[in-house]
Amino acid sequence: MARSPLNSYDKQVRNSIATNLKKLLESSGLTQVELAERVNIPASTLSGYFAERSTPTPGNIQKIADYFNVNKGDIDPRYNYEIL
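Conventions used here
- Residues numbered from 1 in each chain as written.
- Predicted model: local features only at pLDDT ≥ 70, side-chain atom pairs only at ≥ 80, totals over all residues.
- Heavy atoms only, no water.
- Helix = DSSP H or I, 4+ residues; strand = E, 2+ residues; numbered from the N terminus.
- Rg over C-alpha atoms; globule rule 2.2 N^0.38 Å.
- Buried < 20%, exposed > 50% of the residue type's maximum accessible area, 1.4 Å probe, protein only.
- Contact = heavy atoms within 4.5 Å.
- Areas by Shrake-Rupley, 256 points an atom, 1.4 Å probe, with all protein chains shown as cover.
- Lys, Arg positive; Asp, Glu negative; His and termini not counted.
- Charge placed at Lys NZ, Arg CZ, Asp CG, Glu CD.
- Arc of directions from axis to C-beta.
- Salt bridge = Lys/Arg side-chain N within 4 Å of Asp/Glu carboxyl O.
- Polar contact = N/O pair within 3.5 Å; in protein donor to acceptor, adjacent residues only side chain to side chain.
- Phe/Tyr/Trp six-rings, centres within 6.5 Å; stacked < 30°, edge-to-face > 60°.

Student: Honestly, the overall build of the chain in this entry has me stumped. Any pointers?
Tutor: The helix and strand inventory of the chain stands at four helices and zero strands. Written out in order from the N terminus, the α and β elements of the chain read α-α-α-α. In terms of overall size, the chain behaves like a compact globule, its C-alpha atoms giving a radius of gyration of 13 Å where 84 residues would be expected to give roughly 12 Å. Going through the 84 residues of the chain one by one, you find that 31% of them count as buried. Considering only residue pairs separated by 6 or more positions, the chain has 49% of its internal contacts joining residues 24 or more positions apart. Accessible surface computed for the chain: about 5,700 Å², of which carbon and sulfur atoms make up 48%. Charge-centre separation for the chain: the mean point of 10 positive side chains lies 7 Å from the mean point of 9 negative side chains.

Student: How do you make sense of helix 4 (residues 58-68) when you look at a structure like this?
Tutor: In an α-helix there are 3.6 residues to a turn, and that puts residues three or four apart on one side. Along helix 4, the positions that sit buried rather than exposed are Asn 60, Ile 61, Ile 64, Ala 65 and Phe 68. One face of helix 4 carries all of its buried residues, which in axial projection span an arc of 135 degrees. Of the surrounding secondary structure, the elements contacted by the buried residues of helix 4 are helix 1 (8-28), helix 2 (32-39) and helix 3 (43-50). Positive backbone phi, at 55 degrees, marks Asn 69, one or two positions downstream of helix 4.

Student: I'm lost on the side chain of Arg 14 in this one. Help?
Tutor: As for its placement among the helices and strands, Arg 14 is situated in helix 1. Summary of buried charges: Arg 14 has no salt-bridge partner, and the nearest side chain of opposite charge, Asp 10, is 7.2 Å away. A polar contact is formed between the side chain of Arg 14 and the side chain of Thr 55, at a distance of 2.8 Å. In contact with Arg 14, not counting residues within four places along its chain, are Leu 6, Glu 52, Arg 53, Ser 54 and Thr 55.

Student: Explain the pattern of salt bridges here, please?
Tutor: Pairs can form between side chains of opposite charge whenever their charged atoms are close. Summed over the entire model, instances satisfying the criterion amount to one salt bridge. Among the ionic pairs, Asp 76 bridges to Arg 78, the shortest N-O distance being 2.6 Å.

Student: I keep staring at unusual backbone geometry and nothing clicks. Help me out?
Tutor: Across residues other than glycine, the phi torsion is negative in most instances, and most of the peptide bonds are trans. A positive phi is found at Glu 52, a non-glycine position, where the angle reads about 65 degrees. Position of Glu 52 relative to the elements: it lies in the loop between helix 3 and helix 4. Despite not being glycine, Asn 69 shows a phi value in the positive range, around 55 degrees. Locating Asn 69 in the fold gives a position in the segment after helix 4.

Student: Looking at this structure, how should I read the packing of aromatic side chains?
Tutor: To describe a pair of aromatic rings, one takes the distance between the centres and the angle between the planes. Under the counting rule described, the total for this entry stands at one aromatic pair. A ring pair is formed by Tyr 67 and Phe 68, whose centres lie 5.1 Å apart and whose planes are at 85 degrees; its orientation type is edge-to-face. Assessed through its relative accessible area of 32%, Tyr 67 is described here as partly exposed. A residue is classified by how much of its surface remains accessible, and Phe 68, at 17% relative accessible area, is buried.

Put into structure tokens, the structure is as follows:
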């Protein structure tokens, strides 16, 4: 059974994640492979995030955020919320 096409929201989320990851990676001077090794995520999986082919799991977002010492919301817009 084929997967359903992504809706516009999911496409926008993937685009935002990819953009944010590229900015973090560029500022770090690391390659995607080096980052993958440091955060213990397969390079092919990480590549999918950069290429907008897949959406990171919450656990992988946390690993990357911890490595760069940023909030998850700095990577994934779905975590940008205010606590009232």
